[in-house]
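A closer look at the structure
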Amino acid sequence: MTQPQAKYLKDYQAPLFQITHLDLDISLAGENSVIQATSSIERVGEHQQPLKLDGEDINLKSVKINGVESAYTEKNGQLIIDTEEQTFELEIVSVVDPESNTSLEGLYMSDGAYCTQCEAEGFRRITYFLDRPDVLAIYTVRIEANKTAFPFLLSNGNLVESGDLEGGLHYVKWHDPFPKPAYLFALVAGDFDLLEDEYITRSDRAVKLQVFVDKGNLHKAHHAIASLKKSMQWDETRFNLEYDLDIYMIVAVDFFNMGAMENKGLNVFNTKYVLADKASATDDDYHGIESVVGHEYFHNWTGNRVTCRDWFQLSLKEGLTVFRDQEFSSDVGSRAVNRIHAIKVMKNQQFAEDSGPMAHPIRPESVIEMNNFYTVTVYNKGAEVIRMMHTLLGEDKFQAGMALYFNRHDGQAVTCDDFVAAMEDASQVDLGQFRLWYSQAGTPQVTATESYDDSTNSYCLTLSQETPDTPGQTDKLPQHIPFDIELIDSEGNSLVNQVLDFKQQTQNFVFENIKSRPVASLLQDFSAPVKLEFDYSIEQLLHLMRFANSEVAKWEASVSLFSQSIWQCVDNLQNGKAMHIDSRLVDGFKGVLLSESLNEALMAEILTLTSASSLIEQTESVDLDSLAIARQFAVNEIAQGCEDELLAKVRQLQSTDSADARALKNTCLSLLLKVDDSYRYIAEQQFGTADNMTDTLGALTALNSDCSSERTALMTAYESRWVETPLAMDKWFSLHATFANEGCIEQLEKLLQHEGFSMSNPNRVRSLIGVFAAANTFEFHRKDAKGYDFLTKAIIKLNKVNPQVAARIITPLIQFKKFDLERQALMRKSLESILAIDELSKDLYEKVTKALS
Ligand code: TRP
Ligand code: ZN
């Protein structure tokens, strides 16, 4: 077998042919679905090269050029046609089988409906084509299918024609006036409930809004459509961007590899990011829907109107669009809480990726399987890079840069460099050194030291930076780091609030006129995606928790306070000493609970004590067994020390209507149940009286830390209540997956046979297997290898069924560098057994070989 080959950014070549128009005529008929694709093709420049089209699993029937049968060869996923024509019409007829397509790429079926997923390279599973984002065509799509089973036939753009045909068939024709790359094509055919609405744009155009959901779910589509209207409004006011078609459709499907897809005028969504009602969806689900609906909508300009030249530029659209959806959530909700969530993703997922075998710059330089690069680095670090530009330029110049970007590039396929050039030209801010953020992988390590001279009243902050080697990349240069700081005096007054331009390897920043030794709040709001090392004392951290101007900085201080005490306990354990938690720390958390000024959502964030996985990210190598004991000890000490205050909060907020208060209440409840089993009745009561999923799940989560008869009874009650509702069952699977007690894995093995579970549905796989590997740190890393074996078996099954999902959930198994040698050996053994299977997908091949090399 030939091994999969990497493609390189440096090898990019402009296309030899352009396809200006594509007419698709699609007849949906199960395993014999026929695709007739008629392209208008132009040779680009003077050359004699043959036309080479991409295709995968296509059953080719005929090829015609200008109406005449043409010779061709089919090899290695390519259709090669030798022709002398300069401009010509190419007609390809082929047959595909959507029913047996479990990869959920190309044309497939979800619960009886046909749908497509073409990003990144899925269009080539529908027909032979120039399946690359720098080939932009105008699409006209005719779909034909049985009318009773598939009353709705949808594609991109505007509906131009429809009618009935013989034999119970009907057809619909769509035309999309905007040229687009093949990855933005979509088709959906099925029977749905339809929720309709309208949005009047600021230039007074009426846009029809439609959300299609599985029958019986109409009442769960209201939040999605409200979120869509909010997004459209926000993009007009904050970014000056208006929608461009007369119709915007969203279809919710249960079988979907990711969150959602921004196909022009016809978004396809995972049901998880559409369906919600109070009883079945949590406050977090509501928030997730708003942000994903926003994300896909914002792609209409950042991604669709201006798209990527090649897939190495993915962050051009994704980093920017994540930044935009984060700003949307922050403008319509709590800025501090949204920032904290984004920081958590960076610190415990992106930092892990950056220090593991898949480390890559936000603009990767080589790729084997593109699906493997829809990563927290490209998306979330990409968004941080955009955010840094926003910090360096300020809102006005940043928006001037956006305007110039659209002015220059509307309708084009461009590069990350084009984006930075527009920002630079519009603002006159030098982004020369800043461009390194696009090419260097790895997390810069920033070390800070300070000195204060009371004879001169000057404070000096010394910063130095170092970016570690990553696979294939050494000797990195210093980066341009916007470093946000606040200096606070002993009374809590703010003395300095400033963003430092930190550009050299080591740099001193001196502040005069500082009357007494200040406390420094460093890297405020995570102003750059770097790791900061600074030796804070407990007193300084408590001071920041009380007085920092930024709410995010208060939270950061609490994380440092908790983390420091954990590492102290680990140290004690390793040296045979008794563990000890400083009483000032307990008092600090008590102070949070008693505070009258902190808002409830922020309190909840502070009291959600740092997870094991994010603690692991703070170290180079971890003694996992000591960490497990130390973390449990520290959590229990804090809970016990705050017992009265926790109980008071839970009682006070028992029947609250606010999402913030619910978050706080449920966080407190979880802590309270660690103090004493006798508090379990509160969770039982809450479960019994809850009229919303947040409280239902809050009760179950609080009970989930131990084995108890109460837990067993409520889990059974939940199962019978929700067994018919897949998204609610996902929460139940995830509770089992995060159960950190003996017997967890045996239970998960049984659940693989549960009537509600299915290996072919990615939501089910993620909630049971993915969540276990990613979030149940101590059970996954069991020394008897049961956790690794469980994941490995599932991955081997998924390799055939759905390679994309298999390669996604393998992440915790390839990030083994920080663990002890014994565990590393077990993890390698698992990876070797995966590498040995027949017909290993490109997706897994790339990740496993990188991990083992
Ligand atoms: N472009 C999509 C987004 O960010 C995500 C996406 C990429 C995707 N590849 C996919 C979605 C495959 C579904 C399947 O919104
Ligand atoms: Zn996106």
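Keep in mind that this is a model prediction, so the values were computed, not measured. Sequence order as written defines the numbering, with residues in each chain counted from 1. Working convention: letters from A go to chains and numbers from 1 go to ligands, in the order in which they are written. Confidence filtering applies because this is a predicted model: local features only for residues at pLDDT of at least 70, side-chain atom pairs given and counted only at 80 or more, and all residues used for totals across whole chains, interfaces and linings. The side-chain numbers reported here are obtained from all heavy atoms of the structure, hydrogens and water having been left aside.

**Some remarks on the overall build of the chain**
What counts is decided by this rule: Helical segments are the DSSP runs of H or I of at least four residues, strand segments are the runs of E of at least two, and each set is numbered from the N terminus. What the globule rule says is 2.2 Å times the number of residues to the power 0.38, and the radius of gyration is computed from C-alpha atoms. Exposure categories follow from relative accessible area, calculated using a 1.4 Å probe and restricted to protein chains: below 20% of the type maximum is buried, above 50% is exposed, and the middle band is partly exposed. For this analysis, residues touch if any pair of their heavy atoms sits within 4.5 Å. Accessibility throughout is a Shrake-Rupley quantity obtained with a 1.4 Å probe, and a residue counts as covered only by protein chains that appear here.
A tally of regular secondary structure across the chain gives 27 helices and 31 strands. In terms of overall size, the chain behaves like a compact globule, its C-alpha atoms giving a radius of gyration of 28 Å where 853 residues would be expected to give roughly 29 Å. When burial is assessed residue by residue, the chain has 60% of its 853 residues classed as buried. Sequence-distant contacts in the chain: of pairs separated by 6 or more residues, those separated by 24 or more amount to 69%. Carbon and sulfur atoms provide 48% of the accessible area of the chain, an area that totals close to 33,100 Å².

**Brief notes about the nonpolar core**
We apply this condition: We define a nonpolar core as any set of buried Ala, Val, Leu, Ile, Met, Phe, Trp, Tyr and Cys residues linked to one another through side-chain atoms lying within 4.5 Å.
Residues Phe483 and Ile769 are the most contacted members of the largest nonpolar core, which totals 280 residues. Sort the elements by how many residues they give to this core and helix α5 (residues 376–409) lands first, with 13 residues. Those residues in contact with phenylalanine 483 that sit more than four places away from it in its chain are Val446, Leu461, Leu463, Gln498, Val499, Leu500, Phe502, Leu522, Leu523, Ser527 and Leu532.

**Observations regarding the UniProt feature "domain: Peptidase M1 alanyl aminopeptidase C-terminal" (unreviewed entry) in the chain**
For clarity, the cut-off: UniProt positions are given in the numbering used here, feature names are shortened, and annotations may be inferred rather than shown by experiment.
When the UniProt feature table is mapped onto this chain, "domain: Peptidase M1 alanyl aminopeptidase C-terminal" (unreviewed entry) is found at residues 539–852. Helix makes up 73% of residues 539–852 and strand makes up 0%, while its end C-alpha atoms are separated by 44 Å.

**Some details on the UniProt feature "domain: Peptidase M1 membrane alanine aminopeptidase" (unreviewed entry) in the chain**
Here, the residues flagged by UniProt with the feature "domain: Peptidase M1 membrane alanine aminopeptidase" (unreviewed entry) are residues 226–434. Counting secondary structure, residues 226–434 comes out at 55% helix and 10% strand; the distance between its end C-alpha atoms is 38 Å.

**Overview of the site of ligand 1**
Here is the rule we go by: We call a residue near a molecule or strand when any one of its heavy atoms sits within 4 Å of it. Two N or O atoms form a polar contact when they lie within 3.5 Å of each other; inside protein one atom must be a possible hydrogen donor and the other a possible acceptor, and for residues adjacent in sequence the pair counts only when both atoms belong to side chains.
Inspection of the region around ligand 1 gives 15 residues, with Glu119, Glu262, Glu296, Glu318 and Tyr379 positioned closest. Glutamate 119 is positioned with one of its side-chain polar atoms (N or O) 2.5 Å from a nitrogen atom of ligand 1. Between ligand 1 and glutamate 318, the relevant distance is 3.0 Å, taken from an oxygen atom to a side-chain nitrogen or oxygen of the residue. Relative to its free-state accessible area of 370 Å², ligand 1 is covered by the protein chains to the extent of 97%. Among the secondary structure elements, those contributing two or more residues to the shell around ligand 1 are β20 (260–261), α2 (283–298) and α3 (314–332).

**Topic: the coordination of the zinc ion (ligand 2)**
The criterion, for reference: Any N, O or S atom lying within 2.8 Å of the metal counts as a donor, and for Na, K and Ca the limit rises to 3.2 Å; water is left out, so some sites can look incomplete.
The protein atoms donating to the zinc ion (ligand 2) are His295 (NE2), His299 (NE2), Glu318 (OE) and Glu318 (OE), with metal-donor distances spanning 1.9 to 2.7 Å. Each donor residue of the zinc ion (ligand 2) belongs to the same chain, and together they define the spacing H-x3-H-x18-E. Taken together, the residues histidine 295 in helix α2 and glutamate 318 in helix α3 connect sequence positions 23 residues apart.

**Examining the pattern of salt bridges**
Heads up, the condition is: Each reported salt bridge corresponds to a side-chain nitrogen of Lys or Arg within 4 Å of a carboxyl oxygen of Asp or Glu.
Counted under the stated rule, the structure contains 61 salt bridges. With a shortest N-O distance of 3.2 Å, glutamate 846 and lysine 850 are connected by a salt bridge. Within this pair, glutamate 846 and its partner lysine 850 are both found in helix α27 (residues 842–852), separated by four residues, close to a single helical turn. The exposure class of glutamate 846 is buried, given its relative accessible area of 0%.

**Remarks on the environment of glutamine 36**
Structurally, glutamine 36 is set in strand β3 (residues 33–43). Since its relative accessible area comes to 29%, glutamine 36 is described here as partly exposed. Put simply, glutamine 36 and aspartate 244 are 208 residues apart on the chain and 28 Å apart in space, counted from C-alpha to C-alpha. Once residues lying within four places of it in the same chain are set aside, the contact partners of glutamine 36 are Asp23, Leu24, Asp25, Glu91, Ile92 and Val93.

**Section: the sheet that holds strand β6 (residues 68–69)**
Operational definition: Strands pair, by our definition, only if DSSP identifies at least two bridges between them.
With mixed pairing, eight strands are arranged side by side in an open sheet as β6-β5-β9-β3-β2-β12-β15-β14. Among the strands making up the open sheet, the edge pair consists of β6 and β14 (158–164). Direction of pairing for strand β5 (residues 59–65) relative to strand β9 (residues 87–96): antiparallel, over a ladder of six bridges. Along β9, the bridge assignment pairs leucine 60 with serine 94.

**Notes on the packing of aromatic side chains**
Under the convention used in this document: Any Phe, Tyr or Trp ring, taking Trp's six-membered ring, that has another such ring centre within 6.5 Å forms a pair; planes under 30 degrees apart are called stacked, those over 60 apart edge-to-face, and the others tilted.
Taken as a whole and assessed by the stated rule, the structure comprises 33 aromatic pairs. Judged by centre distance (5.0 Å) and plane angle (50°), the ring pair of tryptophan 234 and phenylalanine 298 falls under tilted. On the criterion of sequence distance, the pair formed by tryptophan 234 in helix α1 (residues 222–239) and phenylalanine 298 in helix α2 is long-range, its members being 64 residues apart. Between phenylalanine 298 and phenylalanine 328, the ring centres sit 5.3 Å apart and the planes meet at 80°, which makes this aromatic pair edge-to-face. With a gap of 30 residues between them, phenylalanine 298 in helix α2 and phenylalanine 328 in helix α3 connect regions that are remote in the sequence.

**Examining the environment of cysteine 308**
Tracing the backbone through its elements, the reader meets cysteine 308 in strand β22 (residues 307–308). In this structure cysteine 308 comes out as buried when scored by relative accessible area, which is 0%. For the pair cysteine 308 and valine 385, spaced 77 residues apart in the sequence, the C-alpha separation amounts to 17 Å. Excluding residues that lie within four positions of it along the chain, cysteine 308 makes contacts with Pro133, Asp134, Gln313, Leu314, Leu316, Lys317, Ala413 and Val414.

**Digging into the pairing of strand β25 (residues 445–453)**
Here β25 pairs with strand β26 (residues 458–466) via nine bridges, running antiparallel. Bridge pairing in β26 links aspartate 453 to serine 458. The antiparallel hairpin formed by β25 and β26 contains four residues in its connecting segment, where asparagine 457 sits at a positive phi of about 55°. Of the strand pairs in this sheet, β25 and strand β31 (residues 531–533) are connected by three bridges, and their pairing is parallel. Bridged to valine 446 within β31 is leucine 532.

**Structural notes on the sheet that holds strand β7 (residues 73–75)**
We count it as follows: Axis definition: a line fitted to C-alpha atoms, limited for helices to the stretch in contact. Angles are taken between N-to-C directions and run from 0 to 180 degrees.
The strand order β4-β8-β7 describes an open sheet built from three strands, whose pairing is antiparallel. What marks the edges here is a single partner per strand, and that holds for β4 (51–54) and β7. Direction aside, neighbouring strands of the sheet carry axes that sit 25° apart on average. Note that β7 and strand β8 (residues 78–81) share three bridges and pair antiparallel.

**Focus on helix α20 (residues 744–751)**
In plain terms, the rule: Comment: arc refers to directions from the helix axis out to C-beta atoms.
Of all the positions in α20, only Cys744, Ile745, Leu748 and Leu751 are classed as buried. Along α20, the residues classed as buried sweep out an arc of 115° about the axis, all on the same side.

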